[in-house]
Amino acid sequence: MASNPDFVQYLCEQLAGAGAITSRKMFGEYGLYCDSKFFALICDDQLFLKFTDAGRAFLPDAPLAPPYDGAKDALLITDPDDRETLCECARRTCAALPAPKPKKTRKPKTS
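Read on for an overview of the structure. Here the structure is a predicted model, which means the values were calculated and not measured.

Topic: the nonpolar core
Here is step 1: Core analysis: the largest hydrophobic core is formed by 25 residues, its most contacted members being L15, L32, F39, I42, L47 and L49.
Here is step 2: Those elements that place two or more of their residues in this core are α1 (5–14), β2 (29–34), β3 (37–43), β4 (46–49), β6 (74–77) and α3 (83–96).
Here is step 3: Looking at which element gives the most residues to this core, the answer is α3, with five residues.
Here is step 4: Once residues lying within four places of it in the same chain are set aside, the contact partners of F39 are L15, I21, L32, Y33, C34, F48, L49, K50, A90, C94 and L97.
Here is step 5: Formed by six residues, the second largest nonpolar core is a distinct cluster that contains L41, C43, A65 and L76.

What follows is the structure, given as structure tokens:
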């Protein structure tokens, strides 16, 4: 079941305090980026933050679950309506994640 685009927009608005939030459709679901750093997935209208020790320390009781079959466990956010907690967890998670790799420039094709 694909996530509702309205729910994705709502979560982006809820997370706005964490940084510049953007969403991107991926495999029928959505990936979330904060300041160009991939940090979360929305699958079946549920929010999953990438697992980090910092995020786990901030939300020690959050359930761990894979966002889709075969995926690594992630923090399942059960109360996305709590904006303050959501933003703080997102900030801590993003701070613990490595910087995105620079995009490679493509060489022009020669004929």
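Some words on the sheet that holds strand β1 (residues 21–26)
Here is step 1: Read from one edge to the other, the open sheet built from six strands follows the order β1-β2-β3-β4-β6-β5, with strand pairing classed as antiparallel. Every other strand in the sheet has two partners, leaving β1 and β5 (64–65) as the edge strands with one partner each.
Here is step 2: Relative to β6, β4 runs antiparallel, the two sharing three bridges. Along β6, the bridge assignment pairs L47 with I77.

The rules behind the values
Residues numbered from 1 in each chain as written. Predicted model: local features only at pLDDT ≥ 70, side-chain atom pairs only at ≥ 80, totals over all residues. Heavy atoms only, no water. Core = buried A, V, L, I, M, F, W, Y, C linked by side-chain atoms within 4.5 Å. Buried < 20%, exposed > 50% of the residue type's maximum accessible area, 1.4 Å probe, protein only. Helix = DSSP H or I, 4+ residues; strand = E, 2+ residues; numbered from the N terminus. Contact = heavy atoms within 4.5 Å. Pairing = 2+ DSSP bridges.

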